[in-house]
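The lines below spell out each chain.
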Amino acid sequence: MLVITGLKQKPSGTQQRISQVHNQKLVEWYDVSHEVLEAGFRFYATPADQVVEAEEKLDQFRQSMAKTFAALSCGLALFDSDDRLTVFNPALADKYSLPIDFLLRRPSFDMFLHKLRELRLTPENTRFEDWTAALSPKEESTVAATSWATTKGRKLTAAVMPHTEGSRVISIEETPDMSEVIEALQAENIALKEALDLIPKPTCIIDQGKKVCAANSAFRVPWEDKLNYPISAATSIGKRAEHTDKWDQVRAALNKPMSVHHWKSQLALEGNNSVALNIDRKASGHMLVQFSERSHNTSAAENTSRAAL
């Protein structure tokens, strides 16, 4: 602690924070307090570098949290221990049409709920009192949540969560219409099948559970009754493959994670046939597998005909 006495100038306030700067570079911070003496004032300077650093980190944390809070798509409102609105994010005004001037007047929690009713954002066929009761936690440490459909056809979910020192937070989020989601997934699935059917080679997609989750028509015809079984096509080929270590390599490639993203091999089958096998592993863990079987007798006959021409 640095003590300075005998100064005549009356200090401003009870405590000040000062810094020493050399060559336009901050050196250190001090918290300065004083006491009155007969001959003047005595000043006490206490190092405050750690306090200043902590305050700067806290301010950065608050700014980061404020940006995160503002970026959330759900509506959020924080009510203090006196049940007055203290903090809210832009989504309340943007997505749920709550007037900014109303929010800035720091309404109570009850006024906030009544405003939602005025905006026709409350349940269509539920008494207002029953809805507000559903948003009142039975215990201070529990979360109260409820979902409903509004008179305008919107589907909303609200949750009231306890916060520090008797405050509470309410979140409001719009839930998508599941029928629209299902229709979009079905349309995406149809488009995937149509795209796969354009590939002439037997092609299938194997998911992380080693199940065939999609296949083209060239693949489905030979193994249509086995699509729900793990890598059924490869198993069928394996039964016809000659007893070589290549089939063991194929099984290992299909069943174990590969260090490479692409793997291919050619297997000799019984009956003087062969099959080319290509495996492409995607970042999601899915595998795109292609089988291309051909007869060597047919190939030889084709080569003879081409040579004759």
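Model, not experiment: these values are computed from the prediction.

A look at the sheet that holds strand β6 (residues 85-88)
Now for step 1: Across the sheet, five strands lie side by side as β6-β5-β9-β8-β7; this open sheet has antiparallel pairing. Edge strands, defined here as strands with exactly one partner in the open sheet, are β6 and β7 (144-149). Looking at each pair of strands side by side, their axes are set apart by 20 degrees on average, direction ignored.
Now for step 2: As paired strands, strand β8 (residues 155-162) and strand β9 (residues 168-174) are joined by seven bridges and run antiparallel to one another. Looking at β9, one finds that threonine 157 is bridged to glutamate 173.

Let's talk about the nonpolar core
Now for step 1: Phe112, Leu113, Leu116, Ile170 and Ile172 are the most contacted members of the largest nonpolar core, which has 22 residues in total.
Now for step 2: Looking at this core, the elements with two or more residues in it are β5 (75-79), α2 (91-96), α3 (100-104), α4 (109-118), α5 (128-134), β8 and β9.
Now for step 3: For this core, the element with the highest residue contribution is α4, accounting for four residues.
Now for step 4: Ignoring any residue separated from it by four or fewer positions in sequence, one finds isoleucine 170 in contact with Gly75, Leu76, Ala77, Phe79, Phe109, Phe112, Leu113, Ala159 and Val160.
Now for step 5: Residues Cys204, Val212, Trp263 and Val275 belong to the second largest nonpolar core, which totals twelve residues.

A closer look at the packing of aromatic side chains
Now for step 1: Scanning the entire structure with this criterion turns up four aromatic pairs.
Now for step 2: Aromatic side chains phenylalanine 79 and phenylalanine 109 sit 5.2 Å apart centroid to centroid with 85 degrees between the ring planes, which places their arrangement in the edge-to-face category. Residue phenylalanine 79 is located in strand β5, and its partner phenylalanine 109 is located in helix α4; the two are separated by 30 residues in the primary sequence. Side by side, phenylalanine 79 and phenylalanine 109 carry an identical accessibility label, which is buried.
Now for step 3: Judged by centre distance (5.8 Å) and plane angle (45 degrees), the rings of phenylalanine 128 and tryptophan 131 are tilted. One end of the pair is phenylalanine 128 and the other is tryptophan 131, both in helix α5 and three residues apart, which spans about a single turn.
Now for step 4: A network of ring pairs unites the aromatic residues Phe79, Phe109 and Phe112 as a single cluster.

What counts and how
- Residues numbered from 1 in each chain as written.
- Predicted model: local features only at pLDDT ≥ 70, side-chain atom pairs only at ≥ 80, totals over all residues.
- Heavy atoms only, no water.
- Pairing = 2+ DSSP bridges.
- Helix = DSSP H or I, 4+ residues; strand = E, 2+ residues; numbered from the N terminus.
- Axes fitted to C-alpha atoms, helices over the stretch in contact; angles between N-to-C directions.
- Core = buried A, V, L, I, M, F, W, Y, C linked by side-chain atoms within 4.5 Å.
- Buried < 20%, exposed > 50% of the residue type's maximum accessible area, 1.4 Å probe, protein only.
- Contact = heavy atoms within 4.5 Å.
- Phe/Tyr/Trp six-rings, centres within 6.5 Å; stacked < 30°, edge-to-face > 60°.

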